[in-house]
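Each chain is listed here by its residues.
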2 protein chains.
Amino acid sequence: MANRAEQKARTRNALIDSWLGIIGSGVNFASISLREVAKAAGVVPTSFYRHFDDMDELGLAVVDELGLDLRRLTRGSFDASQSMDANIRRGVGVYQRYVVDNAESVEFVNQARTGGTPALRGAIDSELSYFSTRIAGALRALVPGLKPSERDTVAQLILAVLLENTTALLAVPTKSRALQGEFRQELEDKMRVIMLGAEQLGTVSSPTRKPRQTPQPSAL
Amino acid sequence: MANRAEQKARTRNALIDSWLGIIGSGVNFASISLREVAKAAGVVPTSFYRHFDDMDELGLAVVDELGLDLRRLTRGSFDASQSMDANIRRGVGVYQRYVVDNAESVEFVNQARTGGTPALRGAIDSELSYFSTRIAGALRALVPGLKPSERDTVAQLILAVLLENTTALLAVPTKSRALQGEFRQELEDKMRVIMLGAEQLGTVSSPTRKPRQTPQPSAL
DNA sequence: TGTACATCAGTGAACGCGCGTTCACTGATGTAC
DNA sequence: TGTACATCAGTGAACGCGCGTTCACTGATGTAC
């Protein structure tokens, strides 16, 4: 009945899901043991090796999955024909929904970004670089005045704020519409400050240079 | 000769330093064992308990030390009589020097912020809240037009960008003036975007409301 | 369709190891008189 | 200053435990003919 490859894939998923479940219960991903994961997956410890060389490989598999999601999500999350504010709301909404719906995987990546092995951190960095590039691409249409290097700066800034707020978001009760809404509001406000700065920067450095008319004696 | 309290403090410091040394060698703080730390400190495992109940308490001690540094550093890191750009350069400089000079402690806090026990994360959050409040306070003089809630938003934004760039800074070779300079430049640029946004926001929401004269059809 | 053989996901016993924690101890430092 | 006692930082043996990894195995699934 059960196709061999299918059964193998099922066990593999059980290992990954068990691992994520333990992470979701509040344990640091680095202190979870292979035996613990195997046991939770209803499989003997030795079986683990039929699927992964070690725990690091399991982590890398999860990063790969998230990478695929990222590519899917960034397609069509920006729309230059709409207002900046609409784009901010849309982007923040997509991000927030994804984090809430994939809390365990995101929790893992959030930990591994600072505490993972070099291989893990490298894999995560590479996905995030891709993401940053996508944001910079969206900025070309959204804030036409920006130079390429400025787009990179702003893209990294946006990414930094998203990532930095992930820990806080993971702590917001999923069920509380009020608290989730409050988080969303605050994050949108932060993005608005950044985009105000980006637009200002774009106006200043644009080829069709317009004088800044609001009194700002300082930056740049 | 050796005063008993002094000797005890010396051992305590040896434990902390050994622990930080292991962290500095690239090991995740959560996977370092009590026995490992005791051994590196040249002391028997049982001795550890004369100083800390468990490893978590050791971590909390380090957080406390960093908290003191933070209070010292934030005194006089802003100067409303100077230009915004001067303040940015000063703030980024202080931050960068501190991270480079205290790489091991900062590495720990950077990991513990996402991967620590609830007690550890709580202690760190509390220090960072203090820091955020200090930044918001500095903004009162620096960008007078901002409403209190806007100052909070901008302060959190600044803090997020500092924290988010810490992992990257920890990976920049300490010795390379060129790479350190490049990092500083990029971080300053990010801060400038935020402050441009903040000043713009302050202009818009100020009681002496001036019309925005640069064409920005969107945000807020 | 039936048979004989190959594959390989999962098993279960066994290993040596480092772990956190307990306990009663030692002996130098500190204190009271 | 000298003596007798208290304190307590550090010791060393011992414990039971869960760890990652090895190995030869089993038996269901897959394949060749």
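Structure first, text after, so check above.
Cut-off values and rules
Residues numbered from 1 in each chain as written. Chains lettered and ligands numbered in written order. Predicted model: local features only at pLDDT ≥ 70, side-chain atom pairs only at ≥ 80, totals over all residues. Heavy atoms only, no water. Axes fitted to C-alpha atoms, helices over the stretch in contact; angles between N-to-C directions. Helix = DSSP H or I, 4+ residues; strand = E, 2+ residues; numbered from the N terminus. Parallel < 35°, antiparallel > 145°, perpendicular 65-115°, else oblique. Left-handed = near helix turned anticlockwise from the far one by under 90°. Contact = heavy atoms within 4.5 Å. Near = heavy atom within 4 Å. Polar contact = N/O pair within 3.5 Å; in protein donor to acceptor, adjacent residues only side chain to side chain. Nonpolar A, V, L, I, M, F, W, Y, C, P; charged D, E, K, R; others polar. Expected span 1.5 Å × (residues − 1). Buried < 20%, exposed > 50% of the residue type's maximum accessible area, 1.4 Å probe, protein only.

Caption draft 1: Geometry of the packing of helix α4 (residues 84-101) of chain B against helix α7 (residues 148-171) of chain B. All names here are of chain B. Between α4 and α7, the shortest axis-to-axis distance is 11 Å and the interhelical angle comes to 45 degrees. Between α4 and α7, the crossing angle belongs to the class labelled oblique. At the point where α4 passes α7, the crossing takes the right-handed sense. From α4, Y95, Q96, V99 and V100 reach across to α7, where they touch L162, N165, T166, L169 and L170.

Caption draft 2: Spotlight on the protein's contact with DNA strand D. Around DNA strand D, the surrounding shell holds 18 residues, and the nearest of these are S33 and R35 of chain A together with T11, S47 and R50 of chain B. When atoms of DNA strand D within 4 Å of the protein are split into backbone and base, the sugar-phosphate part holds 50%. One nitrogen or oxygen atom from the side chain of T11 of chain B is found 2.3 Å from a phosphate oxygen belonging to DNA strand D. If you list the elements that add at least two residues to the surface near DNA strand D, you get α2 (34-40) of chain A together with α1 (4-24) of chain B. Ranked by the residues each element gives to the surface near DNA strand D, the list is headed by α1 of chain B, at four residues. When the residues that make up the surface near DNA strand D are grouped by side-chain class, the tally is five nonpolar, eight polar and five charged.

Caption draft 3: Layout of the environment of R134 of chain B. Secondary-structure assignment places R134 of chain B in helix α6 (residues 118-142). Discounting chain neighbours no more than four positions away, the residues touching R134 of chain B are T74 and R75 of chain B.

Caption draft 4: Focus on helix α5 (residues 103-115) of chain A. Residues and elements named next belong to chain A. With 13 residues, α5 extends 18 Å from end C-alpha to end C-alpha; this agrees with the ideal 18 Å at 1.5 Å per step. A large share of α5 lies buried, amounting to 11 of its 13 residues. Looking at α5, one finds that the buried residues are S105, V106, E107, F108, V109, N110, Q111, A112, R113, T114 and G115.

Caption draft 5: Structural context of the protein's contact with DNA strand C. Neighbouring DNA strand C are 18 residues; T11, S47 and R50 of chain A together with S33 and R35 of chain B lie closest to it. Here the atoms of DNA strand C within 4 Å of the protein split so that 51% fall in sugar or phosphate, with bases taking the remainder. Within the backbone of V44 of chain A, one N or O atom sits 3.0 Å away from a phosphate oxygen of DNA strand C. A distance of 2.9 Å separates a phosphate oxygen of DNA strand C from a polar atom in the backbone of R4 of chain B. Of all elements in the fold, only α1 (4-24) of chain A together with α2 (34-40) of chain B reach the threshold of two or more residues within the surface near DNA strand C. In terms of residue count, the dominant contributor to the surface near DNA strand C is α1 of chain A (four residues). Looking at the surface near DNA strand C residue by residue, the classes come out as five nonpolar, eight polar and five charged.

None of this, on its own, says anything about what the molecule does.
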